[in-house]
Amino acid sequence: MKPKLLLSWSSGKDSAWALHVLQKRDDFEVVGLLTTINEAFDRVAMHAVRRKLLEAQAVAAGLPLWPVPIPWPCSNAEYEKRMEAVVAKACNVGVTHMAFGDLFLEDVRNYRIDKLKGSGTDPVFPIWGIPTDKLAREMIAGGLKAVLTCVDPKQLELRFAGREFDERLLDELPAGVDPCGEKGEFHTFCYGGPMFSKSIEVKVGDVVAREGFYFADLMLTDTGLSPTLKH
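Since we're looking at a predicted model, the values are computed, not measured.

A. Expanded view of the packing of helix α1 (residues 13-25) against helix α5 (residues 132-141). Where α1 meets α5, the axes come as close as 11 Å, and the angle between the chain directions of the two elements is 70°. Between α1 and α5, the angle falls in the class roughly perpendicular. Of the residues in α5, those touching α1 at Lys-13, Asp-14 and Trp-17 are Leu-135, Glu-138 and Met-139. Across the contact of α1 with α5, the residue classes break down as 3 nonpolar, no polar and 3 charged.

B. The arrangement of the pattern of salt bridges in detail. For the coordinates displayed, the defined rule picks out 18 salt bridges. The closest approach of N and O atoms between Asp-26 and Lys-2, which form a salt bridge, is 2.6 Å. Residue Asp-26 is found in the loop between α1 and β2 (29-38), and its partner Lys-2 is found in the segment before β1 (4-8); the two are separated by 24 residues along the sequence. Between Glu-172 and Arg-159 there is a salt bridge, with the nearest N and O atoms lying 3.0 Å from each other. Here the residue Glu-172 occupies a position in helix α6 (residues 167-172), and Arg-159 occupies one in the loop between β7 (145-151) and α6, the gap between them amounting to 13 residues. With a relative accessible area of 44%, Arg-159 lands in the partly exposed category. One network of salt bridges, with partners in common, ties together Glu-157, Arg-159, Arg-163, Arg-168 and Glu-172.

C. Expanded view of the layout of surface pockets. Estimates place the volume of the largest pocket at around 1,200 Å³. For the lining of the largest pocket, the elements supplying multiple residues, two or more each, are α1, β2, α3 (76-92), α4 (106-116) and β8 (186-192). Residues belonging to the lining of the largest pocket are distributed by class as follows: 19 nonpolar, 13 polar and 9 charged. Put simply, the second largest pocket is a space of about 310 Å³. Along the wall of the second largest pocket there are 16 residues; nearest its centre are Asn-38, Ala-45, Met-46, Trp-72 and Glu-211. Every element with two or more residues in the lining of the second largest pocket is listed here: β3 (43-44) and β10 (213-220). Of the residues assigned to the lining of the second largest pocket, the class counts are 12 nonpolar, 1 polar and 3 charged.

D. Seen up close, the nonpolar core. Within the largest apolar cluster, 55 residues are counted, with the highest numbers of intra-cluster contacts made by Leu-7, Leu-144, Phe-165 and Phe-189. Once you skip the residues sitting within four places of it in the chain, Phe-165 turns out to touch Lys-13, Ala-136, Met-139, Ile-140, Leu-144, Ala-146, Val-147, Leu-148, Leu-170, Pro-179 and Phe-186.

E. Molecular detail of the side chain of Thr-36. Within the element layout of this structure, Thr-36 appears in strand β2. Accessibility expressed as a relative area gives 16% for Thr-36, which makes it buried. Once residues within four sequence positions are removed from consideration, Thr-36 is found in contact with Arg-43, Val-44, Ala-45, Val-68, Ile-70, Tyr-79 and Met-83.

What counts and what doesn't
Residues numbered from 1 in each chain as written. Predicted model: local features only at pLDDT ≥ 70, side-chain atom pairs only at ≥ 80, totals over all residues. Heavy atoms only, no water. Axes fitted to C-alpha atoms, helices over the stretch in contact; angles between N-to-C directions. Helix = DSSP H or I, 4+ residues; strand = E, 2+ residues; numbered from the N terminus. Parallel < 35°, antiparallel > 145°, perpendicular 65-115°, else oblique. Contact = heavy atoms within 4.5 Å. Nonpolar A, V, L, I, M, F, W, Y, C, P; charged D, E, K, R; others polar. Salt bridge = Lys/Arg side-chain N within 4 Å of Asp/Glu carboxyl O. Buried < 20%, exposed > 50% of the residue type's maximum accessible area, 1.4 Å probe, protein only. 1 Å grid on protein atoms, 1.4 Å probe; cavity = no way out; pocket = protein on both sides within 12 Å on 5 of 7 lines; lining within 4 Å. Points joined across faces, edges and corners; volume = space filled by probe spheres on them. Core = buried A, V, L, I, M, F, W, Y, C linked by side-chain atoms within 4.5 Å.

Printed below as a string of C-alpha cells:
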C-alpha cells in the first residue's frame, strides 16, 4: 500500500501542478485536498475564490475536500490551532504525508517542516526548486489553465486582475515580478489541466479593491464544463 497524502490546496496553479506531479510520480495515494476557508465570506483564504468553484475543482480532481474554516481576521495562533486539529484528524485516518506547492521561499518551507515535526505527518514539496520561469512555461505547455484572481497593486497594475495565466501574460510581467507570483505578486484559480478529469467553465465578474489587493470575482457558468474562459 502506498502512503496516504493530503495536498495543501490553494485552488491555484501551483497546488494544481503539484497534484499533477504527484499523479505522475504515483508513489503516494493522494486522499484529499486541504483548503483554508474564510468563514466570514465562505471563500478560499487569500485567493478569495468562491466555495462552489473550489468544490468543482475537487469533483474534477476526483478527491474529497478537507476544508479548514478560519475566522476573519485570523491570528497566526488561531490559524495554527486549527491546522493542528486537522493534521491530528488526518493522522487518525492513516495520512502520513502532507504536500505543499511551495517553490523557493525557504522561510515558508522551514515553517511547514517545523509545524509538522512530531505530528506523525511528514511534509512533501513536489515542485520545490524548479526555476519559476521554466516552471511557469512548463505549466502552460502542459495544458494548465488558470486566471489571476488576486493582484498586489504594489507590484502589478489593475489590468492584470482577471487575466489568463498564459505566455502573453508572462511576457508582459514587469521586471522583478516572479513568473509564478511566488513573492505574493498574484494568486490564481486553476480551471483546467491534466490533473483534472474535466475543465471548469468560469467567467470573470467585477474586479474590486479590498484590503490592499485587487480581486477578480470568478463565477461558474451554467455548464461549468467547457475549457474556455469567458469574460
